[in-house]
Amino acid sequence: MTSSWWNPERHADRRPWLLTRARLKAEIRAWYASQDFIEVDTACLQHAPGNETHLHAFATERISPDLVRQPLYLHTSPEFAMKKLLAAGENKIFSLGPVFRNREHGTLHLNEFSMLEWYRTQADYHTIIDDCTALLQLAATVSGTSLVSYRGRSADLLAQPQHLTVADAFKQHAHIDVFSTISEDGYSTDVKALAAQAEQRGIKTSKDDTWSDVFSKVLIARIEPHLGIGQPTFLTDYPITEAALAHASQTDPRVAERFELYCCGVELANGFGELTDAAEQRQRFETAMDDKQRIYGERYPIDADFLAALEHMPEASGAALGFDRLVMLVTGAERIDQIVWTPPDADSAR
């Protein structure tokens, strides 16, 4: 008997989860329509796939009729394209479609997965947090259960969410004062001081680790397993060095208007008060690409057209949510490949 996902018995076992997936997708679209959002479709092929240090794209090329070859990438997110639409005059937009990330495959990762991404102009990121809360409540309603579990950790999607700052999370769960290693302006960091605190807590570091590397090691090892237990958790106020595409807080220059949503220790969403300073964004991209070159021996082009669009983009906030992970939690599936209609290989969906 074949072990392929299309085996009728295996498909029958997965079908209730897949039907829940379909219903949730339809209800999410209806919810955005009720909020006067417009669904947009962005091109998967891009000149620049994203400029985060540890984000890896699938590379391809376009061959013109005269055989001229041009490198292209499958997008890792619709973010750049959607922000260009905000610059063009759109105000409330969402996208629900495939994105592609290389070097990612496992229980919670697929190389091709579905991302829900949305933006509101003239709205702060607290409004986007409220959107996330509404989407969790919607998922509970569609699936018929609010209690979700993953690897022995449970959360009630209808419970009042916890709001926890990065500073408090590091103190509470890792006993590390992360902001003692950051300058008052937020842009200078002391990697030796942070590494020393991490080593004291039993977290191994390397001599060539950057401050961000140590920060990530602590976050993964000691913080994330405790987030979203009992109720959803919004981890907020990231150090400005970890801002990605978020702008600085108006009350504390050391932190960015960035949050991540967790349930059962699983990261579900990443949101920003969006940065519109093109010069600062370019500097962040260049720093990230220098780090990528140092670590992986490669770098991606910076989308100059995106930076030009930022100068025309209004104030906005937005988020990206892993739709497949949400489906996985509300169906009780053990692996992400169990809740996609056509898993990526014959070994999936066992």
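Below is a summary of the structure that appears in this document.

Turning our attention to the packing of helix α1 (residues 8-34) against helix α9 (residues 323-331). α9 packs onto α1 with a crossing angle of 125 degrees between their chain directions and a minimal axis gap of 10 Å. As the angle between them shows, α1 and α9 are arranged oblique. Along this stretch, α1 crosses α9, giving a crossing that reads as right-handed. From α1, Trp17, Thr20, Arg21, Leu24, Lys25 and Ile28 reach across to α9, where they touch Phe323, Asp324, Leu326, Val327, Val330 and Thr331. Across the contact of α1 with α9, the residue classes break down as seven nonpolar, two polar and three charged.

What follows deals with the nonpolar core. With 49 residues, the main nonpolar core has Tyr32, Leu116, Trp118 and Leu135 as its most contacted residues. Counting residues per element, this core draws most heavily on helix α3 (residues 125-143), at ten residues. Counting 25 residues, the second-largest nonpolar core is a separate cluster that includes Leu164, Ile182, Ala195 and Ala198.

This model, assessed by the stated rule, comprises 15 salt bridges. Residue Arg69 is joined to Glu61 by a salt bridge in which the shortest nitrogen-to-oxygen separation is 2.2 Å. Taking the relative accessible area as the measure of exposure, Arg69 reaches 52% and is therefore exposed. The residue Arg299 makes a salt bridge to Asp290 at a minimum N-O spacing of 2.9 Å. For Arg299, a relative accessible area of 39% translates into the label partly exposed. Connected via shared salt-bridge partners are Glu79, Lys83 and Glu274.

Moving on, we get to the environment of Ala243. The topology assignment puts Ala243 in the loop between β10 (233-239) and β11 (255-263). Note: C-alpha distance between Ala243 and Ala256 (13 residues apart in sequence) is 5.5 Å. Among residues more than four places away in sequence, those in contact with Ala243 are Ala256, Arg258, Phe272 and Arg284.

This part is about the side chain of Gln281. Here Gln281 lies in helix α7 (residues 278-296). Accessibility expressed as a relative area gives 1% for Gln281, which makes it buried. Once residues lying within four places of it in the same chain are set aside, the contact partners of Gln281 are Ala244, Leu245, Leu275, Phe306, Leu307 and Leu310.

Strands in a sheet are paired, the pairing made by backbone hydrogen bonds, and the direction either parallel or antiparallel. Taken in spatial order, the three strands make up an open sheet running β2-β4-β3, and their pairing is antiparallel. Two strands bound the open sheet, and with one partner strand each, they are β2 (45-46) and β3 (59-63). Across two bridges, the pairing between β2 and strand β4 (residues 69-74) is antiparallel. Bridge pairing in β4 places Gln46 opposite Tyr73.

This part is about the packing of aromatic side chains. Using the criterion set out here, one finds 13 aromatic pairs in the structure. Taking 4.4 Å as the distance between ring centres and 10 degrees as the angle between the ring planes, the aromatic pair formed by Tyr32 and Phe94 counts as stacked. A residue pair is termed long-range when its members are at least 10 positions apart, and Tyr32 in helix α1 and Phe94 in strand β5 (residues 92-100) qualify at 62 residues. Its relative accessible area of 0% is what places Tyr32 among the buried residues. Taking the relative accessible area as the measure of exposure, Phe94 reaches 3% and is therefore buried. Ring geometry for Phe80 against Phe306: centres 4.2 Å apart, planes inclined by 10 degrees, an arrangement best described as stacked. Taken together, the residues Phe80 in helix α2 (residues 79-88) and Phe306 in helix α8 (residues 304-310) connect sequence positions 226 residues apart. As far as burial versus exposure is concerned, Phe80 and Phe306 are alike and both buried.

Basis of the calculations
Residues numbered from 1 in each chain as written. Predicted model: local features only at pLDDT ≥ 70, side-chain atom pairs only at ≥ 80, totals over all residues. Heavy atoms only, no water. Axes fitted to C-alpha atoms, helices over the stretch in contact; angles between N-to-C directions. Helix = DSSP H or I, 4+ residues; strand = E, 2+ residues; numbered from the N terminus. Parallel < 35°, antiparallel > 145°, perpendicular 65-115°, else oblique. Left-handed = near helix turned anticlockwise from the far one by under 90°. Contact = heavy atoms within 4.5 Å. Nonpolar A, V, L, I, M, F, W, Y, C, P; charged D, E, K, R; others polar. Core = buried A, V, L, I, M, F, W, Y, C linked by side-chain atoms within 4.5 Å. Buried < 20%, exposed > 50% of the residue type's maximum accessible area, 1.4 Å probe, protein only. Salt bridge = Lys/Arg side-chain N within 4 Å of Asp/Glu carboxyl O. Pairing = 2+ DSSP bridges. Phe/Tyr/Trp six-rings, centres within 6.5 Å; stacked < 30°, edge-to-face > 60°.

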